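Single-letter residue listing:
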Amino acid sequence: MKLIRKKSIFLALVALIVFTLVASTGNPRYLQSQDRQPMKNCWIAGSAVKPEHLVGFCTNLTKLNISSLTANLNLSAKERFLAAIQSKLPIVPPAGNYEYILLRAYGAAFINPNPEIKLPPKIVFADDKEVKAFQATLTMGKVNNTNDCYLQKAAANAFNRAKAQVAIALKSGYGASDCTRDFATNLRFWRKYAHNKTLEKIKEGKETKILGIVAPPGASQHLWGLAIDLQVTNAKQKQALYQNGWFQTVEDDIPHWTYLGELLDKLAELGLQNKVVRGASYWVTPL
Ligand SMILES: [Zn+2]
């Protein structure tokens, strides 16, 4: 009996020492992860998330509730954001390159947790063919009381719920160009505002302001069926949009609203940063 008790005390001591060692060398909070599955290395080339931060939950990331996971972890905003978008954008472009600059400007949409919502497999489409191939995979829904304003179905449903609460007009009223666009429309808008050298300057990191006026060819959120341009003039309209997962996410693009499919109090948890510019409240990426 005495021997058994001694043995138990010894085992408890060993367990305590092992736990202390693990806790001091690793990140103890990851040991509390709900994911007890065998782990494999899921480090993404160029990602800002350090591999050791991913260990313990990356394998089954898509199966987990990202919101509760990120809330439990003491990660930086950037790390929380990259964790939140991982199921929608498995390959994050290297910091500083053109795609990364575009992800910083338009990537808030990637936090959308709804499995029915599709995000593009890449940040920028090369041409009309690529856009058409992506758009062919989308399930679309119509915005009520418009001629031809279509969005991804879940986004359209959410917007229609906001519209049922309070009247919200499209920016131009033309429908299609305020909603889901094709590559040609994106290109036409771009040529209206940009000149020959603009794209080069963006790629060199010397020009960012234009990204809030018009998206470079192939990079618009409107190609994804997750953006709509609106005339929002009062707090009641904003409230209805927020309650239904719609937010302003592109700095300085006042009429432009993005479907995030999350509630306001979740956005910071997922790493988005609130930026108030001239009275407009944007939720931008932490990149
Ligand atoms: Zn827009």
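Refer to the preceding data block for the structure.
Residues numbered from 1 in each chain as written. Predicted model: local features only at pLDDT ≥ 70, side-chain atom pairs only at ≥ 80, totals over all residues. Heavy atoms only, no water.

### Digging into the pairing of strand S6 (residues 256-259)
Right, on to step 1. Of the two faces of S6, the one carrying His-256 and Thr-258 and the one carrying Trp-257 and Tyr-259 are both buried.
Right, on to step 2. In this structure, strand S4 (residues 227-231) lies alongside S6, joined through three bridges in antiparallel fashion. Pairing of Asp-229 across the sheet is with His-256, part of S6.
Right, on to step 3. Here strand S5 (residues 246-247) pairs with S6 via two bridges, running antiparallel. Within S6, the residue paired with Trp-246 across the bridge is Tyr-259. (Buried < 20%, exposed > 50% of the residue type's maximum accessible area, 1.4 Å probe, protein only. Helix = DSSP H or I, 4+ residues; strand = E, 2+ residues; numbered from the N terminus. Pairing = 2+ DSSP bridges.)

### Things to note about the coordination of the zinc ion
Right, on to step 1. At this site the zinc ion is bound by His-222 (NE2), Asp-229 (OD) and His-256 (ND1), with donor distances of 2.0 Å.
Right, on to step 2. In primary sequence terms, the donor set of the zinc ion follows H-x6-D-x26-H. Of this pair, His-222 sits in the loop between helix H10 (198-203) and S4 while His-256 is found in strand S6, placing the two residues 34 residues apart along the sequence.
Right, on to step 3. Residue class for His-222 comes out buried when judged on its relative accessible area of 2%. (Donors = N, O, S within 2.8 Å, 3.2 Å for Na, K, Ca; no water.)

### Notes on the packing of aromatic side chains
Pairs of aromatic rings are described using the distance from one ring centre to the other and the angle between the two planes.
Right, on to step 1. Overall, the coordinates contain six aromatic pairs when judged by the stated rule.
Right, on to step 2. Relative to Phe-134, the ring of Phe-125 lies with its centre 5.4 Å away and its plane at 35°, an arrangement referred to as tilted. For the pair shown, Phe-125 and Phe-134 are each scored as buried.
Right, on to step 3. Taking the centre distance of 5.2 Å and the plane angle of 10° together, the rings of Tyr-242 and Phe-247 count as stacked.
Right, on to step 4. Tyr-242 sits in the buried class, given a relative accessible area of 13%.
Right, on to step 5. Residue Phe-247 is classed as buried on the basis of its relative accessible area, which comes to 0%.
Right, on to step 6. When the ring centre of Tyr-98 is taken as origin, the NZ or CZ atom of Lys-203, which lies over that ring, is 4.8 Å away. (Phe/Tyr/Trp six-rings, centres within 6.5 Å; stacked < 30°, edge-to-face > 60°. Lys NZ or Arg CZ within 6 Å of the ring centre and 35° of its normal.)

### Here we look at the side chain of Gln-248
Right, on to step 1. Relative to the assigned elements, Gln-248 resides in the loop between S5 and S6.
Right, on to step 2. A polar contact is formed between the side chain of Gln-248 and the backbone oxygen of Ile-254, at a distance of 3.0 Å. (Polar contact = N/O pair within 3.5 Å; in protein donor to acceptor, adjacent residues only side chain to side chain.)

### Digging into the packing of helix H8 (residues 153-165) against helix H11 (residues 235-243)
Right, on to step 1. As a packed pair, H8 and H11 sit with axes 8 Å apart at the nearest point and diverge in direction by 150°. In this structure, the crossing between H8 and H11 has a hand that is right-handed. Packed against H8, whose contacting residues are Phe-159, Ala-162 and Gln-165, the element H11 presents Lys-236, Ala-240, Leu-241 and Gln-243 at the interface.
Right, on to step 2. Of the residues in the contact of H8 with H11, the class split is four nonpolar, two polar and one charged. (Axes fitted to C-alpha atoms, helices over the stretch in contact; angles between N-to-C directions. Left-handed = near helix turned anticlockwise from the far one by under 90°. Contact = heavy atoms within 4.5 Å. Nonpolar A, V, L, I, M, F, W, Y, C, P; charged D, E, K, R; others polar.)

### Quick notes on the pattern of salt bridges
Right, on to step 1. What the rule picks out here adds up to eight salt bridges.
Right, on to step 2. Asp-128 is the partner of Lys-132 in a salt bridge, and the nearest nitrogen-oxygen pair spans 2.6 Å. Of this pair, Lys-132 and Asp-128 both sit in helix H7 (residues 128-135), four residues apart, which is roughly one turn of the helix.
Right, on to step 3. In this structure Asp-128 comes out as partly exposed when scored by relative accessible area, which is 31%.
Right, on to step 4. Because the salt bridges share partners, they merge into one network encompassing Lys-209, Asp-252 and Arg-278. (Salt bridge = Lys/Arg side-chain N within 4 Å of Asp/Glu carboxyl O.)

### Points about the nonpolar core
Right, on to step 1. Membership of the largest hydrophobic core comes to 69 residues, with the highest contact counts inside it found for Trp-224, Ile-228 and Trp-246.
Right, on to step 2. Shared between two domains, this core holds at least three residues of each, these being domain 1 (2-85) and domain 2 (113-284).
Right, on to step 3. In contact with Trp-224, not counting residues within four places along its chain, are Tyr-106, Ala-109, Phe-110, Lys-118, Leu-119, Pro-120, Ile-123, Phe-125, Phe-134, Leu-138, Gln-152 and Ala-219. (Core = buried A, V, L, I, M, F, W, Y, C linked by side-chain atoms within 4.5 Å. Domains from an automatic or database assignment.)

### A look at the sheet that holds strand S3 (residues 169-170)
Right, on to step 1. Reading across the sheet, the four strands line up as S3-S4-S6-S5 and stay open at both edges, with antiparallel pairing between neighbours. The sheet terminates laterally at S3 and S5, the two strands that pair on one side only.

### Some thoughts on the environment of Thr-249
Right, on to step 1. In this structure, Thr-249 sits in the loop between S5 and S6.
Right, on to step 2. For Thr-249, a relative accessible area of 2% corresponds to the buried category.
Right, on to step 3. Separated by 26 residues in the primary sequence, Thr-249 and Lys-275 place their C-alpha atoms 9.2 Å from one another.
Right, on to step 4. Ignoring any residue separated from it by four or fewer positions in sequence, one finds Thr-249 in contact with Ala-105, Ala-108, Gln-221, His-256, Thr-258, Leu-260, Tyr-282, Trp-283 and Val-284.
Right, on to step 5. For Thr-249, the side chain forms a polar contact with the side chain of Gln-221, separated by 3.5 Å.
Right, on to step 6. Engagement of the side chain of Thr-249 in a polar contact is seen with the side chain of Thr-258, the distance being 2.6 Å.

### Notes on the pairing of S4
Right, on to step 1. Counting buried positions over the five residues of S4 gives four, a clear majority of the element.
Right, on to step 2. Summarising the sheet, S3 and S4 pair through two bridges and their orientation is antiparallel. If you follow Ala-169 over to S4, its bridge partner there is Gln-231.

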